[in-house]
Every structure is written in structure tokens, then in C-alpha cells.
Amino acid sequence: MTSTPSGNPHPDSPETLAEAAVPSGREGLQLGLRAKGRAARETDTQPSGTEVPVDTGDPASVYAAVGGEETFARISAAFYRGVAEDPVLHAMYPEEDLGPAEERLKLFLIQYWGGPTTYSELRGHPRLRMRHIPYKVDADARERWLTCMRGALDEVQLPPLYDGMMWDYFERAATAMINTAG
Ligand code: HEM
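Residues numbered from 1 in each chain as written. Predicted model: local features only at pLDDT ≥ 70, side-chain atom pairs only at ≥ 80, totals over all residues. Heavy atoms only, no water.

Draft legend 1. How the structure looks around the site of the ligand. Surveying the vicinity of the ligand reveals 22 residues, the closest of which are Arg-104, Tyr-119, Arg-123, His-132 and Trp-145. Between the ligand and Tyr-119, the relevant distance is 2.5 Å, taken from an oxygen atom to a side-chain nitrogen or oxygen of the residue. Contacts to the ligand include His-132, whose side-chain N or O atom sits 2.8 Å from a nitrogen atom. Every element with two or more residues in the shell around the ligand is listed here: α5 (87-92), α6 (99-112), α7 (118-123), α8 (128-132), α9 (139-156) and α10 (160-177). With five residues, α10 is the single largest residue contributor to the shell around the ligand. For the shell around the ligand, a count of residues per class yields 17 nonpolar, one polar and four charged. (Near = heavy atom within 4 Å. Polar contact = N/O pair within 3.5 Å; in protein donor to acceptor, adjacent residues only side chain to side chain. Helix = DSSP H or I, 4+ residues; strand = E, 2+ residues; numbered from the N terminus. Nonpolar A, V, L, I, M, F, W, Y, C, P; charged D, E, K, R; others polar.)

Draft legend 2. Representation of α6. For α6, which comprises 14 residues, the first-to-last C-alpha distance of 20 Å matches the rise-based estimate of 20 Å (1.5 Å per residue) to within 8%. Restricting attention to buried positions, one finds in α6 the residues Ala-101, Leu-105, Lys-106, Leu-107, Phe-108, Leu-109, Ile-110, Gln-111 and Tyr-112. On the buried face of α6, the contacting elements are α3 (62-65), α4 (69-85), α7, α8, α9 and α10. Of the residues flanking the end of α6, it is Gly-114, one or two places downstream, whose phi is positive at about 100°. (Expected span 1.5 Å × (residues − 1). Buried < 20%, exposed > 50% of the residue type's maximum accessible area, 1.4 Å probe, protein only. Contact = heavy atoms within 4.5 Å.)

In C-alpha cells, the structure reads:
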């Protein structure tokens, strides 16, 4: 999949992906329009004639569909349990206590997948690529990060549709975060 959560196609350039990490007002609008178009096209008619929306895995609905905050809290907690056990990754984190980083990742993912925008209220625009510049993110670090995230997703056991959407995003975002050949 080569689109942002709002479904807007974008080149897979690191800057574009990092900047796409938060829905802007404009994107939000497009998202709403698109969701409307979809709802109109993709409905099912029950015998009663009542129209019910078919869950197409529209990214706008992922936050609620996967179980809201609790699910993202579980993903982030499981991810950081992995980080704590990876010597290379753990050494990169400036704070000994990984708790605050766990909270930041949770809030970011909640916002990215359509939930409350608390992350940006607290931290401002994500600018993830820029925020990772102080750290040496090479191919090895990417592999390790993704290994922790794969473990976290396996632990929470999302329906395959959502697992696939998230994994696809994480693989691309992690590539976008690479800032050194090593
Ligand atoms: C590719 C390998 C990656 C490495 C080695 C890495 C490492 C780090 C480190 C060392 C920090 C600083 C700890 C902190 O202050 O929170 C950080 C922050 C963060 N990372 Fe990553 N990261 C990677 C990929 C990603 C990806 C793919 C995402 C999102 C999909 C992500 C999301 C975040 C977020 C949200 C923060 C906190 C930003 C803030 O508000 O300060 N990281 N990362």
C-alpha cells in the first residue's frame, strides 16, 4: 500500500512520509469526503432494506475498530518491553526510564490512526524524521525496531486486515526514519 492513512497517494520519500504522520486540516477534509464517497458506494442492504456500512478497513476508522486507546497502550507497552531487551535499541534511548517514550509512541499512534490528537497538543507536529535525527538510525536499527514492533503486534492479535495495515505502515515509516548508512 503506498498511501497515507487518509488514502492520499504519496511518493515513498522519507520527508513526505514523515510529514504525512499527522492529518492536516486539509487531509482531514479530504478524508471526510472520501469516507463519505466510500460509505455511499460500499454499503450492504439487509433483507429489511436497512443500509449498513461494510467495514472496508478505511484508515479513518482504525482507531475505533481495533479497540481504541487500550489497544494502542498494549501495542506500545509490548513494543517497549522488546526495546528494553534489545541492547542496541535500549542504548539509544536518552532516558533510563522507557515509560515516557512508551507514552509518546502510544499517543502518536492513537493520533495517526484516527483517535484523539493529544500527541500534537502535547508535542506539536510529529516531524518524526526530524525528531530522529539525533539518533543513529541505520538498517540494523530499523530491523531491530521492526522486530520489536512485530512482537508487539503478534501479542495483541489484531484482525489480519488491521495487522496488515499497521505492519505496512511501520515498515515504510521505519525505512523513512533511516538517517545514516551505519
Ligand atoms: C527505524 C528505527 C527507529 C529507531 C531506532 C527509533 C528510535 C527512537 C528514539 C531513540 C527515540 C527517542 C525516545 C523518545 O524520546 O521518545 C524515538 C522517539 C520516537 N519515535 Fe522512534 N525510532 C524508530 C522508528 C520509529 C517509527 C517507525 C515510528 C513511528 C511509526 C517512531 C515513532 C517515534 C515517536 C512517536 C517518538 C517520540 C517523538 C517525540 O514526541 O519526541 N519511531 N525513536
